[in-house]
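Observations on chain architecture
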Amino acid sequence: NKDGVIEPDKFMLVMFTLLSGTPEELFENIFRLIDKNNEGKISKEMFKSVVGDIFVLVNETKVTDSNIEQLVGSVFADIDKELDGKVVRKQFIKACEEHNYIVVSYIREFISKYNTGGRKKLKHLISSP
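Predicted model only: the values in this text are computed from it and were never measured. In every chain, residue numbers begin from 1 and rise along the written sequence. Residues qualify for local features only when their pLDDT is at least 70, as the model is predicted, and side-chain atom pairs are given and counted only at 80 or more; totals for whole chains, interfaces and linings, by contrast, use all residues. Note that water and hydrogens are dropped before the side-chain values are worked out from all heavy atoms of the structure.

Things to note about the overall build of the chain
Heads up, the condition is: Under the DSSP-based scheme used, a helix requires at least four consecutive residues in state H or I and a strand at least two consecutive residues in state E, with every element numbered from the N terminus. Here the term buried applies to any residue with accessible area under 20% of the maximum for its type, exposed to any over 50%, and partly exposed to those in between, with areas from a 1.4 Å probe on protein chains only. Any two residues whose heavy atoms approach within 4.5 Å are treated as being in contact. We get accessible surface area from the Shrake-Rupley algorithm with a probe of 1.4 Å; when it comes to residues, only the shown protein chains can shield them.
Across its full length, the chain holds seven helices and two strands. Reading the chain from its N end, one meets helices and strands in the order α-α-β-α-α-β-α-α-α. Sorting the 129 residues of the chain into buried and exposed places 39% on the buried side. Counted over contacts in the chain with a minimum sequence separation of 6, partners at least 24 positions apart contribute 63%. Entry remark: accessible area of the chain is about 8000 Å², with carbon and sulfur atoms responsible for 54%.

Comments concerning the packing of aromatic side chains
One pair of aromatic rings is described through two measures. These are the centre distance and the angle between the planes. Going by this rule: Note on aromatic contacts: the rings of Phe and Tyr and the six-membered ring of Trp form a pair at centre separations within 6.5 Å, being stacked when their planes are under 30 degrees apart, edge-to-face when over 60 apart, and tilted otherwise.
Applying the stated rule across the entire model yields three aromatic pairs. Both rings, one in phenylalanine 31 and one in phenylalanine 92, keep their centres 5.6 Å apart while their planes meet at 55 degrees; by these two values the pair is tilted. With phenylalanine 31 in helix α2 (residues 23–34) and phenylalanine 92 in helix α5 (residues 89–98), this pair connects stretches of sequence that are 61 residues apart. A relative accessible area of 2% means that phenylalanine 92 is categorised as buried. For the ring pair phenylalanine 47 and phenylalanine 92, a centre distance of 6.1 Å and an interplane angle of 80 degrees mean the geometry is edge-to-face. Taken together, the positions of phenylalanine 47 in helix α3 (residues 44–57) and phenylalanine 92 in helix α5 put the pair 45 residues apart, joining distant regions of the chain. Three or more aromatic residues joined by ring pairs form one cluster here, namely Phe31, Phe47, Phe76 and Phe92.

Points about α3
What counts here: Under the convention used throughout, the expected extent of a helix is 1.5 Å for every residue step, that is, one less than its residue count.
With 14 residues, α3 extends 20 Å from end C-alpha to end C-alpha; this agrees with the ideal 20 Å at 1.5 Å per step. Restricting attention to buried positions, one finds in α3 the residues Met46, Phe47, Val50, Val51, Gly52, Asp53, Ile54, Phe55 and Leu57. Positioned one or two residues after α3, asparagine 59 has a phi angle of 60 degrees, which is positive.

Digging into the nonpolar core
Where we set the bar: Nine residue types can take part in a nonpolar core, namely buried Ala, Val, Leu, Ile, Met, Phe, Trp, Tyr and Cys, and a core is a set of them joined through side-chain atoms within 4.5 Å.
Ranked by internal contacts, the top residues of the largest apolar core, which has 30 residues, are Phe27, Ile34, Ile42, Phe47, Val51, Ile79 and Phe92. For this core, the secondary structure elements donating two or more residues are α2, α3, α4 (65–79), α5 and α6 (102–114).

Remarks on the confidence of the model for the chain
Low pLDDT marks regions whose predicted coordinates should not be analysed in detail. Convention followed: Note: pLDDT gives the predictor's confidence per residue, expressed from 0 to 100.
The predicted model of the chain has a mean per-residue pLDDT of 76, with 71% of residues at 70 or higher. Contacts of residues 118–129 to residues separated by more than four positions or lying in other chains number 10 contacts, the stretch itself having pLDDT below 50.

Below, the structure is given as structure tokens:
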């Protein structure tokens, strides 16, 4: 929101993204971020919130709320195999590994853009007393 302050959710997304090793670890971390209640499942609305944050973090200014709604609806419909409005961790990770969702592409772009040296510095800051 251009006030010079990063919201905690966005900060955690950056941390998870930069500190993730394998793609599975990345998707696991993103799932944990989305699953704020630690229920082991996420809803479409929870997913939409994080997708919006991802677009903000990659400075994608051409994406509208309507675009996000359509994207999330499409991805969630694909992932939600039981059609119960919820997706469990295993479903989420499997779908992200099997499909090249645009959201995943943006996360990978973010990693490649900011990971040059950033990961080592970030890990050092986190592990410092």
